[in-house]
Amino acid sequence: QQQVKQSPQSLIVQKGGISIINCAYENTAFDYFPWYQQFPGKGPALLIAIRPDVSEKKEGRFTISFNKSAKQFSLHIMDSQPGDSATYFCAAMSAGNMLTFGGGTRLMVKP
Amino acid sequence: EAGVAQSPRYKIIEKRQSVAFWCNPISGHATLYWYQQILGQGPKLLIQFQNNGVVDDSQLPKDRFSAERLKGVDSTLKIQPAKLEDSAVYLCASSSSGQGRREQYFGPGTRLTVT
């Protein structure tokens with residue numbers, strides 16, 4: 001059972017544009033929602049994370065928006081750059097600290 | 001601070017052979033995880049250790065996969081015998097058990113190809 005659904009699977013954005021990736025979850029026991037960035041040949045790297053008692057968190061050009069009632073959260077990348085081209089994964093964690101990942105979004109930022 | 005180390009980085013074996021992967025977590029991290037990442041998918045947790053004890057191995061195919069974490073530091077993941085569908089990247093991650101510390105840090109992974 002896929003507990004975290006991620007969309008779109010791929011995304012092409014022009015340099016300077018806004019990249020938006022959406023995720024939805026089913027398990028209300030999830031209480032920590034990180035986003036990971038993965039470059040080819042590398043392991044996932046933590047980008048930003050949010051807890052469900054907060055509706056938005058911003059770190060530099062990266063913002064997470066969280067809607068607890070809808071069980072949805074999204075990543076916004078402002079002023080997207082070619083160096084942001086990577087695969088992005090949303091994830092959700094419950095009290096046991098076990099991560100459930102979404103399917104991933106391959107982002108390409110065109111110069 | 002050194003990151004999570006994994007070896008080998010790449011491994012090619014034939015089906016029915018055995019293979020082992022090694023992971024050295026970030027120093028002081030009590031929790032260690034092994035994930036399987038099939039091409040084009042998100043990582044899937046196989047097993048979680050807290051120190052040298054298993055916390056969860058519900059998604060580990062125990063008929064062919066085994067893992068251990070002796071002395072609560074390094075860990076090895078073994079597949080015996082390997083199947084074609086085991087071709088994937090095997091990621092190791094670690095996290096601190098400190099209060100409120102939930103970030104997991106991933107190693108570069110071992111890419112396994114089973115032919």
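The model shown is predicted, which means the values in this text are computed figures rather than measured ones.

> For this particular structure, what's the right way to read the interface of chain B and chain A?
Many descriptions give the size of an interface as the accessible area lost when the pieces come together. Contact residues are listed per partner, giving 19 residues for chain B and 21 residues for chain A. Regarding the contact of chain B and chain A, the summed buried area is about 1500 Å², with carbon and sulfur atoms giving 49% of it. On inspection of chain B and its partner chain A, the count reaches zero salt bridges. Connecting chain B to chain A are five residue pairs in polar contact (both at pLDDT 80 or more). For the side of chain B that touches chain A, the secondary structure elements donating two or more residues are β4 (31-37) and β5 (44-50) of chain B. The element that contributes the greatest number of residues to the side of chain B that touches chain A is β4(B), accounting for three residues. Split by residue class, the side of chain B that touches chain A holds seven nonpolar, eight polar and four charged.

> Hey, could you run me through a nonpolar patch on the surface in this one?
Residues and elements named next belong to chain A. On the surface, Ile-18, Ile-20 and Met-78 cluster together to form a nonpolar patch covering roughly 240 Å² of accessible area. Secondary-structure assignment places Met-78 in the loop between β8 (72-77) and β9 (86-93). Classification of Met-78 by relative accessible area gives partly exposed; the value is 35%.

> Would you take a moment to explain unusual backbone geometry for this structure?
For the bond from A:Ser7 to A:Pro8, the omega torsion is -5 degrees, close enough to zero to count as cis. With respect to the helices, strands and loops of the structure, A:Pro8 is situated in the loop between β1 (4-7) and β2 (10-14). The step from B:Ser7 to B:Pro8 runs through a cis peptide bond, and the omega angle for that step is -10 degrees. Although it is not a glycine, A:Asp79 sits at a positive phi angle of roughly 50 degrees. Tracing the sequence through the fold places A:Asp79 in the loop between β8 and β9. Residues other than glycine seldom take positive phi values, yet B:Arg16 does so here, at roughly 80 degrees. Mapped onto the elements, B:Arg16 comes out in the loop between β2 (10-13) and β3 (19-24).

> Please explain the state of the cysteines as it appears in this structure.
When the sulfur atoms of two cysteines share a covalent bond, that bond is a disulfide. All names here are of chain A. Evaluation of the coordinates by the stated rule reveals two disulfides over all chains. Put simply, Cys-23 and Cys-90 are joined by a disulfide, and their sulfur atoms are 1.9 Å apart. Here the S-S torsion is close to -95 degrees, and the disulfide linking Cys-23 with Cys-90 is therefore left-handed. On the criterion of sequence distance, the pair formed by Cys-23 in strand β3 (residues 19-25) and Cys-90 in strand β9 is long-range, its members being 67 residues apart. For Cys-23, a relative accessible area of 3% translates into the label buried. Overall, the relative accessible area of 0% leaves Cys-90 in the buried class.

> Sorry if this is basic, but what is going on with the sheet that holds β8(A) here?
What holds strands together in a sheet is hydrogen bonding between their backbones, with the strands either parallel or antiparallel. Residue and element names in this part refer to chain A. Reading across from one edge, β1-β3-β8-β7-β6 is the order of the five strands in this open sheet, with antiparallel pairing throughout. The sheet terminates laterally at β1 and β6 (56-59), the two strands that pair on one side only. Neighbour-to-neighbour, the strand axes of this sheet turn through a mean angle of 15 degrees, independent of strand direction. Alignment of β1 against β3, held across four bridges, turns out to be antiparallel. Bridge pairing in β3 places Ser-7 opposite Asn-22.

Analysis parameters
Residues numbered from 1 in each chain as written. Chains lettered and ligands numbered in written order. Predicted model: local features only at pLDDT ≥ 70, side-chain atom pairs only at ≥ 80, totals over all residues. Heavy atoms only, no water. Contact = heavy atoms within 4.5 Å. Buried area = accessible area lost by both parts, 1.4 Å probe. Salt bridge = Lys/Arg side-chain N within 4 Å of Asp/Glu carboxyl O. Polar contact = N/O pair within 3.5 Å; in protein donor to acceptor, adjacent residues only side chain to side chain. Helix = DSSP H or I, 4+ residues; strand = E, 2+ residues; numbered from the N terminus. Nonpolar A, V, L, I, M, F, W, Y, C, P; charged D, E, K, R; others polar. Patch = residues over 30% accessible without salt bridge, like charges linked within 9 Å, V, L, I, M, F, W, Y side chains within 5 Å. Areas by Shrake-Rupley, 256 points an atom, 1.4 Å probe, with all protein chains shown as cover. Buried < 20%, exposed > 50% of the residue type's maximum accessible area, 1.4 Å probe, protein only. Disulfide = S-S within 2.5 Å. Pairing = 2+ DSSP bridges. Axes fitted to C-alpha atoms, helices over the stretch in contact; angles between N-to-C directions.

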